[in-house]
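Remarks on the overall topology
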Amino acid sequence: MFQTGEGASLGTEAMPLHRSLGLTDEAMLGLYAKMTLTRALDDRLWALNRQGKAPLVASCQGVEAASLGVGLAAKEDGDCFLFPYYRDMALKLVFGITPMELVIGHLGKEGDSFNGGRQFLLQGASTDRPMIQTSNVVGSNLCQSVGYAIGCKILGEKTVTLVSFGDGGSSQGECHEAMNFAGVHKAPVVFVCYNNRLAISVPQEKQMAIKDLADRAAGYGFPGRVVDGTDLLEVYQNVKAAIERAREESGGPTFLEMKVERLRPHTSDDDDTRYRSAEDLEASKGRDPLVKLRSYLTNIGVLTTSQEERIRGEAREEVNRATEEAEKAEPPDPSTLMRHVYSP
Ligand SMILES: Cc1ncc(C[n+]2csc(CCOP(=O)(O)OP(=O)(O)O)c2C)c(N)n1
């Protein structure tokens, strides 16, 4: 369990932090609605898996604030390219991927906008969004993102690339290669590591001999920061600063280690009771990002009980609509099996 200095970053009642960051009360309610929707969708996907309809689900519960904060800063910037990983549902919603697309992707139906139901769920690219979800081969998006960032620099473009991955991804050799190359070439890239302290069942202390992954950045010649990844505003501030630094003439990469939680098993195929204690899971639940944002907004009087009920109701309705529509969609036609397959 990480020490986070609960509430320290949330400002005061007189001047709540979000206002000093230029975010209006209305914008905060919108963000709370987005996080509520993310949670409702995640719960629905898990249920669809248990009904035998969605083959595999990698829950994003515990990562929502980090993913939403990255998405918000990148979207607001307006010139970012993303290499997200499988728990980045909130980020994808910020970038306009609809709940229906997310459900249809998990059901492997023809309408999947990333791969037409022909690949591992949601993998691939959709040409109208600035993102590529490369593959579930852990760490494979790291070198690709640095290559993309250096490419933008060579072309004189101002685009900043963001790549996200887990602590397990950071244990891959590719992570070190990517960080080294990014440091040498001052690539305009932001490394976002979601550290939930577990790579499936392997705890952090069996992956590395350091407490903070951010410490590694110094070895590659750029800054690394530890961020409370369950605190939306702390994430937002740090990602914004890292994007600005990436674009500066003498800037370059930043490594952000988001201390997040994993509130569900690794995937729907995993039984975490075999390796995780009930106490550890309870401690994680104490840092639930949705609860944290709700307390913040309630304490400063921005979120009322009736608004909360409305937001939850709207999320439920949207998830129901998305599910109904996605369930009606057809599976890919077997006669189109070879479509999109490379042939010399
Ligand atoms: C190269 C590779 N090795 C192993 C796996 C199997 N695998 C899938 S997810 C995962 C753990 C990833 O952990 P982490 O990067 O910390 O992300 P988390 O799932 O905890 O968010 C592993 C080992 C894989 N997909 N790719």
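Residues numbered from 1 in each chain as written. Predicted model: local features only at pLDDT ≥ 70, side-chain atom pairs only at ≥ 80, totals over all residues.

This part is about the overall build of the protein. For the protein, the helix and strand inventory stands at 12 helices and nine strands. Here the protein has a C-alpha radius of gyration of 20 Å; the compact-globule value for 344 residues is 20 Å, and the two agree. Taken along its principal axes, the extent of the C-alpha atoms in the protein is 60 × 55 × 40 Å. The long-range fraction of contacts in the protein, counting pairs at least 24 apart against all pairs at least 6 apart in sequence, stands at 74%. (Helix = DSSP H or I, 4+ residues; strand = E, 2+ residues; numbered from the N terminus. Rg over C-alpha atoms; globule rule 2.2 N^0.38 Å. Contact = placed C-beta atoms within 7 Å.)

This part takes up the environment of Ala 199. On the secondary structure map, Ala 199 appears in strand β6 (residues 198–199). According to the C-beta neighbour criterion, Ala 199 is partly exposed, with 19 such atoms within 10 Å. For Ala 199 and Glu 64, which are 135 residues apart along the polypeptide, the C-alpha to C-alpha distance reads 18 Å. (Buried ≥ 20, exposed ≤ 12 C-beta atoms within 10 Å, placed from the backbone.)

Turning next to the site of the ligand. Every one of the 15 residues lining the ligand counts as a neighbour, but Val 138, Gly 166, Gly 168, Gly 169 and Ala 199 are closest to it. Looking at the shell around the ligand, the elements that each hand over two or more residues are β4 (160–166), α7 (167–170) and β6. For the shell around the ligand, the class distribution of residues is seven nonpolar, six polar and two charged. (Near = placed C-beta within 6 Å. Nonpolar A, V, L, I, M, F, W, Y, C, P; charged D, E, K, R; others polar.)

Backbone hydrogen bonds are what pair the strands of a sheet, in a parallel or an antiparallel way. Ordered in space as β1-β4-β5-β9-β8, the five strands form an open sheet in which the pairing is parallel. The sheet is open, and its two borders are formed by β1 (80–83) and β8 (224–228), each paired with just one other strand. The mean inter-strand angle of the sheet, taken between neighbouring strand axes irrespective of direction, is 20°. Looking at chain direction, β8 and strand β9 (residues 254–259) are connected through five bridges and run parallel. Bridged to Gly 224 within β9 is Phe 255. Across the sheet, helix α9 (residues 232–247) lies against β1, β4, β5 (189–195), β8 and β9, angled at about 170° from β9, the strand it touches most. (Pairing = 2+ DSSP bridges. Axes fitted to C-alpha atoms, helices over the stretch in contact; angles between N-to-C directions.)

With that out of the way, let us pick up the packing of helix α2 (residues 25–50) against helix α3 (residues 64–77). In contact at an axis separation of 11 Å, α2 and α3 are set at 130° when each is read in the N-to-C sense. The orientation of α2 relative to α3 falls into the category oblique. Seen from above, α2 lies across α3 with right-handed handedness. Contacts between α2 and α3 involve Leu 31, Lys 34, Met 35, Thr 38 and Arg 39 on the former and, on the latter, Glu 64, Leu 68 and Leu 72. (Parallel < 35°, antiparallel > 145°, perpendicular 65-115°, else oblique. Left-handed = near helix turned anticlockwise from the far one by under 90°.)

Contact geometry for α2 and helix α5 (residues 99–107): axes closest at 11 Å, N-to-C directions at 25°. Here α2 is positioned roughly parallel relative to α5, judged by the angle of their axes. Considering only the axes of α2 and α5, their crossing is right-handed. Seen from α2, the contacting residues are Leu 37, Leu 41, Leu 45 and Leu 48; seen from α5, they are Pro 99, Leu 102 and His 106.

This next bit is on the nonpolar core. Ranked by size, the top nonpolar core spans 84 residues in total, and within it Val 190, Val 192 and Leu 256 carry the most contacts. With nine residues, α2 is the largest single contributor of residues to this core. Setting aside anything within four residues of it in sequence, one finds Leu 256 in contact with Val 190, Phe 191, Val 192, Cys 193, Arg 225, Val 227, Asn 238, Val 239 and Ala 242. (Core = buried A, V, L, I, M, F, W, Y, C linked by C-beta atoms within 7 Å.)

If you check the backbone angles, Arg 197 has positive phi at about 70° while not being a glycine. For Arg 197, a count of 19 C-beta atoms within 10 Å gives the class partly exposed. Backbone geometry at Ile 200 places phi at a positive 50°, although glycine is not the residue there. On the secondary structure map, Ile 200 appears in the loop between β6 and β7 (202–203). You can call Ile 200 partly exposed: it has 14 C-beta atoms within 10 Å.

Turning our eyes to something else, we now look at the confidence of the model for the protein. Any region with low pLDDT has predicted coordinates that should not be read closely. Per-residue confidence for the protein gives a mean pLDDT of 93; residues scoring 70 or more make up 95%. Low pLDDT, under 50, characterises residues 1–8; the predicted model gives this stretch three contacts beyond four residues in sequence or across chains. (pLDDT = per-residue confidence, 0-100.)

Counting buried positions along β9 gives six out of six residues, so the element sits mostly inside the fold. Of the two faces of β9, the one lined by Thr 254, Leu 256 and Met 258 and the one lined by Phe 255, Glu 257 and Lys 259 are each fully buried. Pairing geometry for β5 and β9, over six bridges, is parallel. Each residue of the ladder has a partner; that of Val 190, found in β9, is Thr 254. Crossover connection from β8 via α9 to parallel β9: handedness right-handed. (Right-handed = clockwise from strand over helix to strand, strands pointing away.)

Positionally, Arg 87 belongs in the loop between β1 and α4 (89–94). When the 24 C-beta atoms within 10 Å are taken as the criterion, Arg 87 is described as buried. Sequence spacing of Arg 87 and Cys 60 is 27 residues, and the spatial spacing of their C-alpha atoms is 4.7 Å. Each residue touching Arg 87, except ones within four places of it in the same chain, is listed here: Ala 58, Cys 60, Val 63, Ser 67 and Tyr 194.

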